[in-house]
Amino acid sequence: MPRSGAEALKWWRAAAEQGDTPAQFNIGVAYDNGQGVPRSQNEAAKWYRLAADKGHAQAQVNLGVLYDQGNGVPQDFVYAYMWFNLAASNGARVAIKNRDALAPRMTQGQIDEAQKFTREWKPVAPPAAQAQ
Amino acid sequence: MKRACNAAVFLVIACLAAPAGAAPMDDAAAALRRGDYATALKVIRPLAEQGNAMAQFNLGVSYDQGWGVPQDAAEALKWYRLAADQGYSLAQQNLGDIYSSGRGVPQDFAQALKWYRLAADQGNAFAQNNLGLMHEKGQGVPQDIVRAHLWFNLSGAQGHEQGLKNRDRAGASMTREQIAEAQKLARGWKPAGK
């Protein structure tokens, strides 16, 4: 594993562009924190989304946080709740905490809609699986 | 790049350097970087007169700021208007600023609203924030906190600090139902022409 942030980022980017899910998550983290790239929640959201769509629990948590705060994406409690829900069902315990902290700020209609989106959600198959 | 350009409406350089392959504009940008406004204007003015929206915008900035020409609000307005009519979002934003502040023109909230809206619809984060403020204060439109939140939210999503602050400030006095409605509007929003 390369040592410097910039070096690591190059590796991850190459892997991420091949559809590697953890690499996509790592690039999201790099943009989220401004490690080796200029900080951009907008870019972070895009990369988290790619990993989250394939079921990466931590990417789902972090994307949920961006929706909760409205950083890099318009603030949207329904989407935030949905991603926390999905991450929780993937075993991310922090997602339960985040979801419970969010719920009191939502209307019942929003929670119902988020539950519906959660039920309807289907993971995007990783490209490797599609190629087989 | 886009954010840097938006952030400094009167920094012509960043905006001039933006499109690739426009050789005369590259020369003008280089001249501007040296602070050589006279040379830059020699390039910009003929392009503006030929109808190039970016050149028109920059000529407007020159008159607005008095860079290489005597400051002239009427000339600034004229060139901004020509660029704005071609859909140039930064010119629309500056027209919004001019009309809302009444700088060199009678203050006109209806005009300000119109130009901010056109820029905001294209995704201009500054215009979105200012449009939010007009909805919040009821300037040129009926006061509407839900629509104010919508525009602040869209602005903040692009990292516009003021938009984020205004969204949270507005949100603090809104009901959960109002915020839910505003977020729903934001979810359905798409930039114009996309």
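Note that the structure is a prediction, hence the values are computed from the model and not measured.

(A) View of the packing of helix α8 (residues 109–121) of chain B against helix α9 (residues 125–137) of chain B. Residues and elements named next belong to chain B. The interhelical angle for the contact between α8 and α9, taken along N-to-C directions, is 140 degrees, at an axis separation of 8 Å. Between α8 and α9, the angle falls in the class oblique. α8 and α9 meet at a crossing whose hand is left-handed. Residues Phe109, Ala112, Leu113, Tyr116, Arg117, Ala119 and Ala120 of α8 lie in contact with α9, whose contacting residues are Ala127, Gln128, Asn130, Leu131 and Met134. Residue composition of the contact of α8 with α9, by class: nine nonpolar, two polar and one charged.

(B) A look at the packing of aromatic side chains. Under the definition given, this model contains eight aromatic pairs over all chains. Between tryptophan 83 of chain A and tryptophan 121 of chain A, the ring centres sit 6.3 Å apart and the planes meet at 75 degrees, which makes this aromatic pair edge-to-face. Here tryptophan 83 of chain A, found in helix α5 (residues 77–89), pairs with tryptophan 121 of chain A, found in the loop between α7 (108–120) and α8 (127–131); they are 38 residues apart in sequence, far enough to count as distant. Assessed through its relative accessible area of 2%, tryptophan 83 of chain A is described here as buried. Taking 6.4 Å as the distance between ring centres and 80 degrees as the angle between the ring planes, the aromatic pair formed by tryptophan 151 of chain B and tryptophan 189 of chain B counts as edge-to-face. In this pair, tryptophan 151 of chain B is assigned in helix α10 (residues 145–157) and tryptophan 189 of chain B in the segment after α12 (176–188), connecting sequence segments 38 residues apart. Taking relative accessible area as the criterion, tryptophan 189 of chain B reaches 21% and is therefore assigned partly exposed. Aromatic ring contacts, followed pair by pair, group Tyr67, Tyr79 and Phe117 of chain A into a single cluster. The lysine or arginine in question, arginine 187 of chain B, covers the ring of tyrosine 79 of chain A, its NZ or CZ lying 4.8 Å from the ring centre.

How each quantity is defined
- Residues numbered from 1 in each chain as written.
- Chains lettered and ligands numbered in written order.
- Predicted model: local features only at pLDDT ≥ 70, side-chain atom pairs only at ≥ 80, totals over all residues.
- Heavy atoms only, no water.
- Axes fitted to C-alpha atoms, helices over the stretch in contact; angles between N-to-C directions.
- Helix = DSSP H or I, 4+ residues; strand = E, 2+ residues; numbered from the N terminus.
- Parallel < 35°, antiparallel > 145°, perpendicular 65-115°, else oblique.
- Left-handed = near helix turned anticlockwise from the far one by under 90°.
- Contact = heavy atoms within 4.5 Å.
- Nonpolar A, V, L, I, M, F, W, Y, C, P; charged D, E, K, R; others polar.
- Phe/Tyr/Trp six-rings, centres within 6.5 Å; stacked < 30°, edge-to-face > 60°.
- Buried < 20%, exposed > 50% of the residue type's maximum accessible area, 1.4 Å probe, protein only.
- Lys NZ or Arg CZ within 6 Å of the ring centre and 35° of its normal.

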